[in-house]
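Residue-level structural notes
In case you want the letters, here they are:
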Amino acid sequence: MKTFNYHSTKDVKEATKLASSSSAFLAGGMTTLPSMKLGLASYKDIIDIKRIKKLSGIKASGKSVTIGSTTKHVEVANSKEVKKAIPSLAALAEGIGDPQVRNRGTIGGSIANNDPSADYPSACIALNATIHTNNRKISADKFFTGMFETSLKKGELIEAIEFQIPEKSCYQKYPNPASRYAIVGVYVAKHKSDVNVAVTGAKSCVYNEKSIASALLKNFSSSSLDNVKISSSGMNSDIHASADYRANMVKIFAKKAVDAC
Amino acid sequence: MASLVGSRVERKEDKKLLTGRGKYTADVTFAHQTYAYFVRSPHARAQIKNVDTSKAEKSSGVVAVLTGKDIANDKIGGLIAGWRIKSEDGSDMKVPAHPPLASESVNYVGDHVAVVIAESLDEARNAADLVKVDYKVLKAVVKTDQAMDSENIYKDIPKNLCFDWLLGDREKVKEAFDKADKIIKIDLINNRLIPNAMEPRAANADYNPSTEEITLYTTSQNPHLARIIISAFNGVAPENKLRVIAPDVGGGFGSKIYPYAEEVVCSWASKKIERPVKWVADRTESFLSDCHGRDHVTHAELAVKNDGTFLGFKNETIANIGAYASVFATVTPTYLFGPCATGVYKMPAAYSNVKAVFTNTAPVDAYRGAGRPEATYTIETLVEKAARELGMDPAEIRMKNFPTEFPFQQTLVHSVDSGDYNAGLKKAMEVGDYKGFEKRKNESASRGKLRGIGFCSYFEACGIAPSAVVMSLGCGIGLWESAEVRFNPTGNVTVFTGSHSHGQGHDTTFAQIAADRLGVPLENIEISHGDTDKGPFGYGTYGSRSLTVGGTAIVKACDKIVAKGKKVAAKMLEVNESEVDFKDGEFIVAKSNKKKTIGEVAFACYLPGTYGEVKSPLPEGEEPGLKETSFFDPGNFSFPAGSHICEVEVDPETGNTEVVKYTAVDDFGTIINPLIVEGQVHGGLAQGIGQALYENCHYDDTGQLVTASYMDYTMPRADNFPEFNLGFTCTPATSNPLGTKGCGEAGAIAAPPAVMNAVMNAVGTEVSMPATAEKVWNACQKMNKSNSKAA
Amino acid sequence: MKKVSLEVNGKKVSKEVPDHTVLSVFLREVLNLTGTHVGCDTSQCGACVVHVDGKSIKSCTALAADIEGSKVTTIEGLVSNGKMHPMQEAFKKQHGLQCGFCTPGMVMSAIDLLNHKKNPSDKEIRDWLEGNICRCTGYQNIVAAVKEAASKM
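Residues numbered from 1 in each chain as written. Chains lettered and ligands numbered in written order. Predicted model: local features only at pLDDT ≥ 70, side-chain atom pairs only at ≥ 80, totals over all residues.

**Considerations on the overall build of chain B**
Just so we agree on the cut-off: Starting at the N terminus, helices and strands are each numbered in turn, a helix being any DSSP run of H or I of at least four residues and a strand any DSSP run of E of at least two. Here the globule rule reads 2.2 Å times residues to the power 0.38, and the radius of gyration is calculated from C-alpha atoms. Put simply, a residue is buried when 20 or more other C-beta atoms lie within 10 Å of its own C-beta and exposed when 12 or fewer do; between those, it is partly exposed, and each C-beta is set from the backbone. What counts as a contact here is a pair of residues whose C-beta atoms, placed from the backbone, lie within 7 Å.
From N to C terminus, chain B includes 19 helices and 28 strands. What you see for chain B is a C-alpha radius of gyration of 28 Å, in line with the 28 Å of a compact globule of 791 residues. Taken over the C-alpha atoms alone, chain B extends approximately 105 × 75 × 50 Å along its principal axes. In chain B, which comprises 791 residues, the share counted as buried stands at 62%. The contacts of chain B with a sequence gap of at least 6 include a subset with a gap of at least 24, amounting to 80%.

Following this line, the structure appears as structure tokens:
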């Protein structure tokens, strides 16, 4: 990989001050480092934020669970608070990558990267998350703007993600057999007054599948989806799965998720 | 002393590998080391108009930038095709030149254009970015079945056709087909695979200007072959000035049998710059430039009578051999494929016709099984289809056509010395509880899953030999194997073998053989391999040959040791040689019970004198020392065989397919170390199931490799497999004194048809490999439609 | 350049390395601990797994500078007083390795599993080893080795 200057920072101010148009924040590095190794990305400055204490940790209130951006997947998976408040979120974290990825990878890194087949973005959409950055709050539906793109501005740092606790929820995915990322992942969450069906892997960016959500809002059962038709238009088509297959799997995995709620 | 043959001896090589003390090529670094990084073609097919190295040469840390012109100026020869095949019309195969660094054209993505050598890998890589290559991009030829109808890649190779080969008799086949009640037809694709040994290829060449000797460390299954090719064909250095060492090697599976451009370039460059040059592939380079495997498009037909008797078989195959003809690229789809395509059956008439085509993809060569998986997949999916169409049980149709007399003259080439195919299949049905399948199927159905069962009965020809025969068929090398058994003066033993172990456990199995033969404890025997300066010339490890051919050479060398030892012991014991017996490491005179241990005899051979008197233990004319060499060239191939039964479970909602039960019953002849043999079967099965369900090399229409990392190429993982059930039958081979047949490739040969037949049984239609969720899901949709129509 | 101070296999080390040095390179090329292997570029094969502060990580995907001050255990650090770790012993006994290239990472990963779970089921073992690719063994004897080690640890 191309060389860079490594900075380990102790607070958010220091980190954001170092940021420039040719810098990247480093948390777990699970995507940043491989893309640099493959020559797909290079930076002048790498700003390590893992030692900023306030960015890590899990807090639960009656209505929400807030997870610091450098909290590792393994910590979310094992967190008693998360397991109690939103068990599907702990299960999602337990299913990301492999144990070594979960020991390093962070929630903030995952959503800032916004890989179209990553798991966490679907949780943010399904659980009406609010992304807290160093200078504002962004609601999840405004945060994920496109393939590997978010509404984060250059040098803006995610501090925490606040998830709304649903009445019930479940995440189900069909993993790509090679990468183990989602070919299709569906996160169904039933809140007091709405239902979200966040889909990852199927399109260039995570989205809320409204047709399924509205059917479930009327009747929260998998049979209510029998007559819902999911169009394959706009869906990804690649060597692993066609758009048609993905469209069908969105419905199948939504049903599986509802049944497992 | 109890025999070690048949004993589950733990491996002698394990401790170093388990404690991080193994030494792989990438672990070797010399003083004054330089690092090489290759500039590779980003295009599948292009002319090279110009290579500008001026900026790269000025980059920090750069020692040299060498191009195709440089290598041509130094008259370094190209890479070779090692097996000459003749077409049906008698003409010779056509092969393009394959320079280690291209100067005129590049023919696949990853083809070698230049090498940058620098003080560090980072500097070499950075400078490689500065090498400016002007390409004129040409339309790439990618698809196997379209290659003959595409533009010629090489101007003197019409239709991109390397050869159009025939084995068998078209007339006889026609007659057989005319008599048939039914013709079963199949069109199939044997999917292209990427071998993916976990250790990426690497080379480190160290030229010593004062001795003019190059020492080349390399990831090779076959260091002697690497030496003779780099020396005799590439002309880098004379054989006596080239030492090739293949230290611990992290798997090969065929992809490391022969030298590649990188070894040639590093050796040549080291001589040029008079410093050691090290290259270690990253995984992307491995994907792009390791030779790939399989890639056949086949149409096959089986002529049958209504009672299930086979009358004839024909096989028309197009084999993609990639951009250049690699060393075993031409034999893999011909003599390793065609003869085995009639399977384990009496087949009165048959032919195999193979057209090998060039495409703008990485070269294709031997990969675990090499030709025999393709053959077995063809015949075994065809036989299963015949059973379906004739309404017969898949076991019954197989048994009906098995030969029962051995030796069995197989239709196209082989005289199979021994086997009992009925016993194998019956045992597989027992071990796999065939009777209980319906019950298991119903249980799966109760969970909404479709369960299918598939059979495969296979045989394979391995331990390739004899040299005179294979050379008459075009082989460019001999296929014997060597061993040197060296008693050290203090009574322990070093055994040198020309084969090479890169996971197969030779250090243990070969020591077991020598320990039994010489009566020396296992721990006093060391196996040495992988260094052309140590043991005698040999032919390396591939084609399940090492134990059968190399192990026999050890036996024969041990026998020579014992023969000499008898003479010496007789002199020492003052009896006639005929009175001396050898047993359990001791030379004994039966009538007096006087004895000398083999260690005492060895000591006497090395110190042939007596203090205080002029007296030698050596008989008149006998030379001192105790070391014997043997070169074994077997009289026939060996023929492992077996029957495998696979059960899969399909989720009709998603198409997800899992192997839920797998039974393998194999006949490998005599088994020396069951622990190691079972491991070989497991590994082969994982690769075979991998081919059937997961693995697929995919090039897009422009010749870009889409599956160039583990993100897109599915490597099977632990959670993809159930626990395999293994069983064995044994009919010893008659072509070698050990009775062994070879076990390394069986799993990769038998599993693909067993799995695919099971998938087909579950979903009712043919599915191509790999049976991805989407393909199986589509098959389920079709089945649902036809079921609802029927209802 | 960054000065990186670590405790590796119980020994304190301090070395000046380029900022972009990943831990696998630091171990292999700076400390000559070549038991840790590198088999891919995308953090998937797991040949490079080591323990950092008691947890398994992929050393090809962590900067040496980033783990400053940590305790690192590599495959070389498992042997104590000339005796192999029970997991290493079990791999030998059950023939859980063939070419040995993936083995160091496999062993380190498996030990981390048993640190979390004393007696894992076959399925739990296979799931845990998702991040370790082996091309030789078909995994069966690796699973057997982990179970064997679990019974001994």
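**Section: the interface of chain B and chain C**
The criterion, for reference: The classification used treats Ala, Val, Leu, Ile, Met, Phe, Trp, Tyr, Cys and Pro as nonpolar, Asp, Glu, Lys and Arg as charged, and all other residues, Gly among them, as polar.
Between chain B and chain C, the contact holds 43 residues from the first and 44 residues from the second. Looking at which element gives the most residues to the side of chain B that touches chain C, the answer is helix α17 (residues 674–694) of chain B, with seven residues. When grouped by side-chain class, the residues that make up the side of chain B that touches chain C number 17 nonpolar, 13 polar and 13 charged.

**Re the domain arrangement of chain C**
All names here are of chain C. The condition that has to hold: For the domains described, the bounds stem from an automatic or database domain assignment.
Split by domain assignment, chain C resolves into domain 1 (2–77) and domain 2 (86–152). Spacing between the C-alpha centres of domain 1 and domain 2 amounts to 21 Å. Between domain 1 and domain 2, the residue contacts involve 15 residues of the former and eleven residues of the latter. Only β3 (49–52) and β4 (55–58) provide two or more residues apiece to the side of domain 1 that touches domain 2. Tallying contributions element by element places β3 first for the side of domain 1 that touches domain 2, with three residues. Classifying every residue of the side of domain 1 that touches domain 2 by side-chain character gives six nonpolar, eight polar and one charged.

**Quick notes on the domain arrangement of chain B**
Residues and elements named next belong to chain B. When its domains are assigned, chain B resolves into domain 1 (14–138 + 201–280), domain 2 (387–462 + 636–790) and domain 3 (480–632). Computed over C-alpha atoms only, the centres of domain 2 and domain 3 are separated by 42 Å. In this assembly, 15 residues from domain 2 lie in contact with 14 residues from domain 3. In terms of residue class, the side of domain 2 that touches domain 3 is built from seven nonpolar, six polar and two charged.

**Brief notes about the environment of B:L138**
Residue and element names in this part refer to chain B. Mapping L138 onto the fold places it in the loop between β6 (132–137) and β7 (161–168). C-beta crowding within 10 Å serves as the criterion here: with 17 such atoms nearby, L138 is assigned to the partly exposed category. When the C-alpha atoms of L138 and L573 are compared, they prove to be 80 Å apart, with 435 residues separating the residues in sequence. Look past the residues within four positions of L138 in its chain and what remains in contact with it is R45, A46 and Q47.

**So, the sheet that holds strand β2 (residues 46–52) of chain B**
Residues and elements named next belong to chain B. Quick reminder of the rule: A strand pair is defined by DSSP finding two or more bridges across the two strands.
Spatially, three strands are ordered β4-β2-β6 in an open sheet, and the strand pairing comes out antiparallel. Both outer strands of the open sheet, β4 (105–106) and β6, are each paired with one neighbouring strand and no more. Inspection of the sheet shows β2 paired to β6 by six bridges, in the antiparallel sense. If you follow I48 over to β6, its bridge partner there is Y135.

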